Amino acid sequence: MLGALLRIPFQALVARIHRDLAAAGYGDLRPAHFTVFQHLDREGSRLTELADRAQITKQSMGYLVDYLERRGYVERVPDPQDARARVVRPTERGRDVERRARATIREVEREWAERLGERRVRELHETLRDLAAYLEGRA
């Protein structure tokens, strides 16, 4: 049941972000595209890094990045570390999506704090951060 308890709030948050972005004029984005933004470094990330972080195939990540690039959310540029390689980085349009998504997340967290109390939401953050660090081998 723990998986469902984690999945339900996550899916509610993703649906809210999707709705708010669509209302702001980004109706061409789907929740699958959020995976790219979630794992994309501001200075750029290689496609293979994005796929590894998202735990999807390079081909699947390539499909998502191609879609976002055609619509002006990301661009591919030469990798400053290796001229043979390219990195994906957000454009101004992509950075606006990130800003709006973060604003929605803050709004949802405020709503959850109103319902559950600020202390419980803060403890939830701390617990999930600790669990993520443990699972990623940092703790």
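What counts as what
Residues numbered from 1 in each chain as written. Predicted model: local features only at pLDDT ≥ 70, side-chain atom pairs only at ≥ 80, totals over all residues. Heavy atoms only, no water. 1 Å grid on protein atoms, 1.4 Å probe; cavity = no way out; pocket = protein on both sides within 12 Å on 5 of 7 lines; lining within 4 Å. Points joined across faces, edges and corners; volume = space filled by probe spheres on them. Nonpolar A, V, L, I, M, F, W, Y, C, P; charged D, E, K, R; others polar. Helix = DSSP H or I, 4+ residues; strand = E, 2+ residues; numbered from the N terminus. Buried < 20%, exposed > 50% of the residue type's maximum accessible area, 1.4 Å probe, protein only. Contact = heavy atoms within 4.5 Å. Polar contact = N/O pair within 3.5 Å; in protein donor to acceptor, adjacent residues only side chain to side chain. Patch = residues over 30% accessible without salt bridge, like charges linked within 9 Å, V, L, I, M, F, W, Y side chains within 5 Å. Areas by Shrake-Rupley, 256 points an atom, 1.4 Å probe, with all protein chains shown as cover. Salt bridge = Lys/Arg side-chain N within 4 Å of Asp/Glu carboxyl O. Core = buried A, V, L, I, M, F, W, Y, C linked by side-chain atoms within 4.5 Å.

**What to know about the layout of surface pockets**
So, point 1. Taken as a whole, the largest pocket holds about 1800 Å³ of empty space.
So, point 2. By residue class, the composition of the lining of the largest pocket is 25 nonpolar, 5 polar and 10 charged.

**Here we look at the side chain of His 33**
So, point 1. Along the chain, His 33 turns up in helix α2 (residues 31-39).
So, point 2. We classify His 33 as buried; its relative accessible area is 5%.
So, point 3. Not counting residues up to four positions away in its chain, the partners in contact with His 33 are Asp 28, Leu 64, Tyr 67 and Leu 68.

**A word on the side chain of Arg 16**
So, point 1. Assignment of secondary structure puts Arg 16 in helix α1 (residues 2-23).
So, point 2. Looking at Arg 16, its side chain comes within polar contact range of the side chain of Glu 111, at 2.8 Å.
So, point 3. Not counting chain neighbours up to four residues away, the residues in contact with Arg 16 comprise Thr 104, Glu 107, Val 108 and Glu 111.

**Details of a nonpolar patch on the surface**
So, point 1. Taken together, the side chains of Met 1, Leu 2, Leu 5, Leu 6, Leu 124, Leu 128, Leu 131, Tyr 134 and Leu 135 present a nonpolar region at the surface, about 1000 Å² in accessible area.
So, point 2. Those elements that place two or more of their residues in the nonpolar patch are α1 and α6 (118-135).
So, point 3. Among the elements that take part in the nonpolar patch, α6 stands out by supplying 5 residues, more than any other.

**Some words on the pattern of salt bridges**
So, point 1. What the rule picks out here adds up to 18 salt bridges.
So, point 2. A salt bridge links Asp 79 to Arg 46; the shortest N-O distance between them is 2.7 Å. Here Arg 46 lies in the loop between α2 and α3 (47-54) and Asp 79 lies in strand β1 (residues 74-79), a separation of 33 residues in the sequence.
So, point 3. Taking relative accessible area as the criterion, Arg 46 reaches 28% and is therefore assigned partly exposed.
So, point 4. For Glu 123, the salt bridge goes to Arg 119, with nearest N and O atoms at 2.9 Å. In this pair, Glu 123 and Arg 119 both sit in helix α6, 4 residues apart, roughly one turn of the helix.
So, point 5. According to the relative accessible area criterion, Glu 123 is partly exposed, its value standing at 36%.
So, point 6. Through salt bridges with shared partners, a single ionic network connects Arg 16, Arg 19, Asp 20, Glu 107 and Glu 111.

**A word on the nonpolar core**
Across soluble globular proteins, you tend to see nonpolar side chains buried next to one another.
So, point 1. Ranked by internal contacts, the top residues of the largest apolar core, which has 25 residues, are Leu 29, Met 61, Val 65, Leu 68 and Tyr 73.
So, point 2. Put simply, the parts of the chain that give this core at least two residues each are α1, α2, α3, α4 (58-70) and α5 (92-116).
So, point 3. Per element, the largest residue contribution to this core is 5 residues, and it comes from α4.
So, point 4. For Val 65, the residues in contact, after removing those within four places along its chain, are Val 36, Leu 47, Leu 50, Val 74, Arg 76 and Val 88.

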